[in-house]
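# Summary of the model geometry
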Amino acid sequence: MPLSSQASALALDVRNLRFRWTPEQPLLCFPDIQLAAGEHLFIHGPSGTGKSTFLSLLAGMLSPDSGTIQMLGNDIHQARAGARDRFRADHVGVIFQQFNLVPYLTAEANVTLPCRLSARRRAATVTSPTDEAHRLLAALTIPADHWHRKVTRLSIGQQQRVAAARALIGSPELILADEPTSALDSDNRDRFLDLLLTLAEERNSSVLFVSHDRTLAPHFHHQIALQGTSS
Amino acid sequence: MKAALALSLASSSLWHRRKVLALVCLTLTLSVTLLLGIQYLRTEVKQSFTSTISDTDLIIGARSGQLNLLLYTVFHIGNATNNIRWSTFKKLEQDEHIRWLIPISLGDSYKGYRVVATDSRMLTHFRYGQGQPLTVAKGQWFDGIFDVVAGAGVARALGHQVGDSIVLSHGGGQTSFSNHEQTPFTVTGILAPTGTPVDQAVYISLDGMEAMHVGWSSGVAIPGRTLTPDKAEGRDFTPHAITAAFAGLEQKILTFRVQRAINESAAEPLSAILPGVALSDLWRLMGQFERALIGITGFVVVTSLIGLIAVLLTLQAQRAHEIAVLRAIGASPSLMAALYVIECVVLALLACVLAVALGTLAILALSPWILAHYGLHIPLRPLNLNEWVLLTSVPATALLVALAPAFSTWRQSRSLGFGDTGEK
């Protein structure tokens, strides 16, 4: 089945998701999620609750044992691996805890990377990917003289904001964020979260934010918790 | 689009790791230079070797083996088994199939260089390379009995000028105890360099050869019976025998028939050989060595490539984060694999370009020195087909060996999870 975006559908619709790494390991059960386009979800996930596994399933990089994941009305696990990679490039932005960037590219080149992988996201940028990247970097308060520097010369906070710009470029429908603030101090953390959510709202992108830090939850429209193994 | 992305990522990545990779690239460059250089030299030396003598259809000497006759007449190595009677040579001159003959008489030496006794026919008929004749660079071809013309190599090595007086030695060898002191020769000319054994000999007349041996018996001068230059004037020095002759035929198509006729000559046992055939036989003999050399060099290149792969594999561990990022933003596993292949091939291509540049510089710099010291002309020329094949085999081999890390990256990145670096 080819994957395509359908405007009317939910950004994300997860039902009865189950996964087991090996038969000896316990079955991981994940909560059902229905997330409307443009809404933000906080997922409380302390370590050991299968946070990384959940994100891998959502990103289409792992296949569930049972249950369905519908993204923009498409059951992503019905598609072949190659189509899932393309779908991710077209519709999903990602931010990790750290090491978000390709070390040998400049900040600007890191931000425009999704537009080079996806024609759809390139088309969604205003005037050009470079212009859009400059706007995002400026909005995320990265000084202009840092844009053409190697990302390894940026501070951790700046690197995370460059990663946010990369996730936002081309207005993907969904942004998966995996503890992006855990390496930041509290001032930086709040500023990062504000900027990310504001910019995502402007672009009508839904943010799915996983963290162990419950104090961040009030920034989001919805919140749920991962249970890890159950029943 | 993806190919462009892969290329730009690979080039950025190579530039990012340039300090480590420069060293690997240098190793590869040196080994490719060695490989290409040996192949180039091999071609040039073979070219130079097989064009030692040209236009000569037959070399005629006393009955002996093909290689022996070739070695002592053309390369001045070894000695003649026997002589040809002058009367036999005269008879050959009458042969209607033979257009020209160059008589040569060997046996003496000058400070380790051969003395070749011949006549003006050497200058008119002898050809080397692509049919080039001998030219006298300074002075003129010998005219008098005690005149000598020096080959370019001899004149250069011993610093001889036109007008120098030299004493030839009896017999071959570097040092001879019996010199033709009573009959000194005068240098009248110096030949232009040819890059062939012609440069490594001195040339005198057949008369001069006879004249300096008057009064010699069993390799020793008998006091009082030898000639002095003033006594020699007016005497007849027609030789009794010569060592060999180069022959040019009226019709090339008759070469084998004339050869057969000479080999079966009733007058005296003779051998006639085709210099081209003998030269390629000799080259085949030496070819084993140069083939082994090129084989070894091939292994050097493969070793460098394996070194390159080892470095790339070491870097692979450092690239886990980068691959996790690229995978998560939707890059396919084959793009990851392509990065390795492209990086490896680009390095190999770079090494090839550098090797060609290095080789060109080396030839430009060393070619005059090689000509001066070894009499070998190594010109700068475009690469031939063999060398192109050899050169393109380097990136092709790089492509093959890069498949190993590429495949392992492809397989690993297929099973990577979100933000997963595969370090578990």
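Just so you know, these numbers come straight off a predicted model, no measurement behind them. (Residues numbered from 1 in each chain as written. Chains lettered and ligands numbered in written order. Predicted model: local features only at pLDDT ≥ 70, side-chain atom pairs only at ≥ 80, totals over all residues.)

### So, the confidence of the model for chain A
Of the residues in chain A, 94% have a pLDDT of 70 or more, and the chain-wide mean is 87. Below a pLDDT of 50 lies the segment residues 1-7 of chain A, which in the model reaches 14 contacts outside its immediate sequence neighbourhood of four places, other chains included. (pLDDT = per-residue confidence, 0-100. Contact = placed C-beta atoms within 7 Å.)

### A few points about unusual backbone geometry
Unusually for a residue other than glycine, A:Glu179 sits at a positive phi of about 50°. Mapping A:Glu179 onto the fold places it in the loop between β8 (174-178) and α7 (186-202). Judged by the 20 C-beta atoms lying within 10 Å of it, A:Glu179 falls in the buried class. One non-glycine residue, B:Asp55, lies in the positive phi region at around 70°. By the element assignment, B:Asp55 lies in the loop between α2 (18-50) and β1 (58-62). The class for B:Asp55 is partly exposed, based on 16 C-beta atoms found within 10 Å. (Helix = DSSP H or I, 4+ residues; strand = E, 2+ residues; numbered from the N terminus. Buried ≥ 20, exposed ≤ 12 C-beta atoms within 10 Å, placed from the backbone.)

### Structural notes on the sheet that holds strand β4 (residues 41-44) of chain A
Residue and element names in this part refer to chain A. Taking strand neighbours across the sheet as the criterion, the five strands line up as β7-β8-β9-β4-β10 in an open arrangement whose pairing is parallel. Edge positions in the open sheet fall to β7 (92-95) and β10 (222-225), since each of these has one partner strand only. Between one strand and the next, the sheet's axes are offset by a mean angle of 15°, whatever the strand orientation. Alignment of β8 against strand β9 (residues 206-211), held across five bridges, turns out to be parallel. What sits directly across from Leu176, in β9, is Leu208. (Pairing = 2+ DSSP bridges. Axes fitted to C-alpha atoms, helices over the stretch in contact; angles between N-to-C directions.)

### Points about the interface of chain B and chain A
Taken residue by residue, the interface counts 19 residues in chain B and 26 residues in chain A. Where the side of chain B that touches chain A is concerned, the elements lending two or more residues are α1 (2-16) and α11 (320-328) of chain B.

### Here's the deal with the domain arrangement of chain B
It is common to report an interface's size as the accessible area lost on association of the parts. Residues and elements named next belong to chain B. Along its sequence, chain B is organised into domain 1 (2-50 + 287-414) and domain 2 (58-273). The straight-line distance from the C-alpha centre of domain 1 to that of domain 2 is 51 Å. Facing the five residues of domain 1 at the interface are five residues of domain 2. In terms of residue class, the side of domain 1 that touches domain 2 is built from two nonpolar, three polar and no charged. (Domains from an automatic or database assignment. Nonpolar A, V, L, I, M, F, W, Y, C, P; charged D, E, K, R; others polar.)

### So, the pairing of β1(B)
Within a regular beta strand, the side chains point alternately toward one face of the sheet and then the other, so they alternate between its two faces. All names here are of chain B. Here β1 lies mainly inside the structure; five of its five residues are buried. As paired strands, β1 and strand β15 (residues 244-249) are joined by four bridges and run antiparallel to one another. Residue Ile60 lies in a different strand from β15, and its bridge partner there is Ala245. Pairing between β1 and strand β16 (residues 270-273): four bridges, direction antiparallel.

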